[in-house]
Amino acid sequence: EAIFEYIEETDEKVNSFLALNKEAALEAAKAADELGYGEDAPLLNGVPIGIKDNIVTEGLTTTASSKMLENFTPTYDATVIRKLKEAGAIIIGKLNLDEFAMGGSTETSYFKTSRNPWDLERVPGGSSGGSASAVAARQVPASLGTDTGGSVRNPAAFTGIVGMKPSYGSVSRYGAIAFGSSLDQIGPMTTTVEDNALVLEAIAGFDKLDGTSRPDTELDYRSKLGQSIEGMRIAIPKEYQSEAVNEEIRDAIVKAKEYFISQGAIVDEVSLPHTPYGINVYYILSSAEASSNLQRFDGIRYGYRSESAKTLEEIYVQSRSEGFGDEVKRRIMLGTYSLSSGAFDKYFKKAAQVRTLIIEDFIKVFSEYDLIMGPVTTSTAFKIGGRIEDPVEMYVSDLLTVPVNLAGLPAMSIPAGFDSNGMPIGLQLIGKHMNESTLYQVAYDFE
Ligand code: GLN
């Protein structure tokens, strides 16, 4: 009840929530109380949690922040929701995002723009902006986001919280509304590193309902918390400290590096030479996958249907024209173009080949190092309206997050100080596939 009261007080300022789950949540809270909070209680018993609104929840609207799904109430739970409920967590409500998770500021949401609790004139980042503003404003202690090209890490960095993009295949995508299926992962957003590990423990694991789910998923995320990082081999890619990154952010990374050295870690500069191609590769591949995934929104099966449509063709064309926003349409056009017969070799196929080169860059560095560190974002949170008119400027700001998704690696954003405007700076830690426990170890030490 206190949580719902606090949300009522604060949400008109930060705009995190699209829907509240009050009745069911209060009932779940009673059930949690009955189980008690002792040693043998479920892992997250009674813990309130907010959910990005592109993850389906039975009986609770799931809009993906699109007019297309404005009135969509799913008939089943995503695997992560089922697991959270089994762990005793309480679903508080659904959180705002960029439409279909396409964007980096939550400004492409059909419903509203979430705000950064540190400065209400600024964006909370995106696309999981509502998931970030809710945790940063302490409306909930934890939330789930999705990360296709940075959407957990970017808003975590902008709002000074902890965000994890797990290894591809470790968290089931069943029930996450698909954007780029070879890139998407659901990840936890929390105020502390330990909380983050707990939530990941609750949601990760093999799921036969997701064809890319991995049986070798690491599940013991807390085992190394508190262990010394002496002798840890950490790499800083020189491409992540380039002029494209704001100087105050680069300075914060140097400070973090000095701290790690003081703890006995070995930190060297390395090169990930194909980093500059990441944006091009990501926007070609993710848009191609999105154009295919979004075919299902046809005005027939579910979602928005144009009222003026009379023929089948008109139902398709008018429902999609009226139901999708500009950014989503831009991705569909980019994607269908790069998959078309005349453009396929030059764009889609070439991008898939360069993706392999990006993966090989990481494999080479990880043959000698345990972990990679660098910034998450090229700037701190910007003013609302500052970038939305220029899609290319918005795209290039994903420079430091997209390579990780292309390679399927785990990566997190943790708070690393503030800039001169008082806006949070994020430190990114990137790990080997299925080695989240080392990321948590180092993040916990840094925290
Ligand atoms: N900003 C990126 C994009 O717009 C990443 C989005 C995401 O990770 N969902 O595609």
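As the structure is a computational prediction, the values presented were derived from the model and not from experiment.

About the cut-offs
Residues numbered from 1 in each chain as written. Predicted model: local features only at pLDDT ≥ 70, side-chain atom pairs only at ≥ 80, totals over all residues. Heavy atoms only, no water. Axes fitted to C-alpha atoms, helices over the stretch in contact; angles between N-to-C directions. Helix = DSSP H or I, 4+ residues; strand = E, 2+ residues; numbered from the N terminus. Parallel < 35°, antiparallel > 145°, perpendicular 65-115°, else oblique. Contact = heavy atoms within 4.5 Å. Nonpolar A, V, L, I, M, F, W, Y, C, P; charged D, E, K, R; others polar. Buried < 20%, exposed > 50% of the residue type's maximum accessible area, 1.4 Å probe, protein only. Near = heavy atom within 4 Å. Polar contact = N/O pair within 3.5 Å; in protein donor to acceptor, adjacent residues only side chain to side chain. Expected span 1.5 Å × (residues − 1). Arc of directions from axis to C-beta.

Chemist: Before we go on, may I ask you to explain the packing of helix α7 (residues 247–262) against helix α14 (residues 436–446) in this structure?
Modeler: For any two helices packed against each other, one specifies the inter-axial angle together with the distance between the axes. Packing of α7 against α14 leaves a shortest axis separation of 11 Å and a crossing angle of 100°. Taken together, the axis directions place α7 and α14 in an arrangement best described as roughly perpendicular. Where α7 abuts α14, its residues A256, Y259 and F260 lie against V442, D445 and F446. In the contact of α7 with α14, the residues fall into five nonpolar, no polar and one charged.

Chemist: What's the story with the environment of S131 in this structure? I'm lost.
Modeler: Position of S131 relative to the elements: it lies in helix α4 (residues 129–136). Look at S131 and you get buried, because its relative accessible area is 0%. Distance in space between the C-alpha atoms of S131 and S143 is 5.6 Å, their sequence separation being twelve residues. Those residues in contact with S131, other than ones at most four positions away along the chain, are K52, L95, N96, S143, L144, G145 and M189.

Chemist: It is not clear to me how the site of the ligand should be interpreted in this structure. Could you clarify?
Modeler: Among the 14 residues in the neighbourhood of the ligand, the closest are listed as T148, G149, S151, Y282 and R331. In this structure, A101 approaches the ligand through a main-chain N or O atom, which is 2.9 Å from a nitrogen atom. Between the ligand and G103, the relevant distance is 2.9 Å, taken from an oxygen atom to a main-chain nitrogen or oxygen of the residue. Tallied by class, residues from the shell around the ligand come to five nonpolar, six polar and three charged.

Chemist: Quick question: what am I supposed to make of α7 here?
Modeler: Each α-helix turn comprises 3.6 residues. Residues three or four places apart therefore point the same way. Here α7 spans 23 Å end to end across 16 residues, near enough to the 22 Å set by a 1.5 Å rise per residue. If you check which residues of α7 are buried, you get I249, R250, A252, I253, A256 and F260. Axial view of α7: buried residues confined to an arc of 160°, hence all on one face. The exposed set on the far side of α7, more than 90 degrees from its buried face, consists of E247, K255 and S262. In this structure, the buried residues of α7 make contact with β7 (233–237), β8 (266–270), β9 (371–375), β10 (411–418), β11 (424–431) and α14.

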